[in-house]
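# Architecture at a glance
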Amino acid sequence: MKTSTLSTIAGVISILAGILAFANPFGASLTVTLLAGWGFLIAGIIQLAGAFVAQGWQGKTWAILWGALATYLGVSLLFNPLEGILTLTLAAGLLFIASGV
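It should be emphasised that the depicted structure is a prediction, and the values quoted were computed from it without experimental measurement.

### Some details on the packing of aromatic side chains
Overall, the coordinates contain one aromatic pair when judged by the stated rule. Pairing Trp 62 with Trp 66 gives two aromatic rings, centres 6.5 Å apart and planes at 25°, and the pair type is stacked. Of the two residues, Trp 62 and Trp 66 are both situated in helix H3 (residues 56-79); the distance of four residues between them amounts to about one turn of the helix. With a relative accessible area of 46%, Trp 62 lands in the partly exposed category.

### With respect to a nonpolar patch on the surface
Taken together, Val 12, Ile 15, Leu 16 and Ile 19 make up a surface patch of nonpolar side chains, about 380 Å² in accessible area. On the secondary structure map, Ile 15 appears in helix H1 (residues 3-23).

### Overview of the environment of Thr 87
With respect to the secondary-structure elements, Thr 87 resides in helix H4 (residues 81-100). We classify Thr 87 as partly exposed; its relative accessible area is 43%. Residues Thr 87 and Leu 77, 10 residues apart in the sequence, show an inter-C-alpha distance of 9.0 Å. Here the side chain of Thr 87 touches Glu 83 through a polar contact of 2.9 Å, landing on its backbone oxygen.

Parameters at a glance
Residues numbered from 1 in each chain as written. Predicted model: local features only at pLDDT ≥ 70, side-chain atom pairs only at ≥ 80, totals over all residues. Heavy atoms only, no water. Phe/Tyr/Trp six-rings, centres within 6.5 Å; stacked < 30°, edge-to-face > 60°. Helix = DSSP H or I, 4+ residues; strand = E, 2+ residues; numbered from the N terminus. Buried < 20%, exposed > 50% of the residue type's maximum accessible area, 1.4 Å probe, protein only. Patch = residues over 30% accessible without salt bridge, like charges linked within 9 Å, V, L, I, M, F, W, Y side chains within 5 Å. Areas by Shrake-Rupley, 256 points an atom, 1.4 Å probe, with all protein chains shown as cover. Salt bridge = Lys/Arg side-chain N within 4 Å of Asp/Glu carboxyl O. Polar contact = N/O pair within 3.5 Å; in protein donor to acceptor, adjacent residues only side chain to side chain.

As structure tokens, this is what we get:
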């Protein structure tokens, strides 16, 4: 397939996803929260596994702490998606404020 064909397909899918998100914003928010939960869970598990190959006690400590935090966040978002919607919105807002300051 040509690059232009793939770009067109990606564009059409993006437009359809945007229309669906506008049609059902709650469903879109819930979907994003669940995707973020899975992302944090997978990243946390990988981080914890990486702690076994980290050099030095300080590297292992940080890898375990960040891995545990990401894993906890992922599990929390997956088991409490409604609270996760609010938490992610608050985190995004604080990030925008902090970057603006």
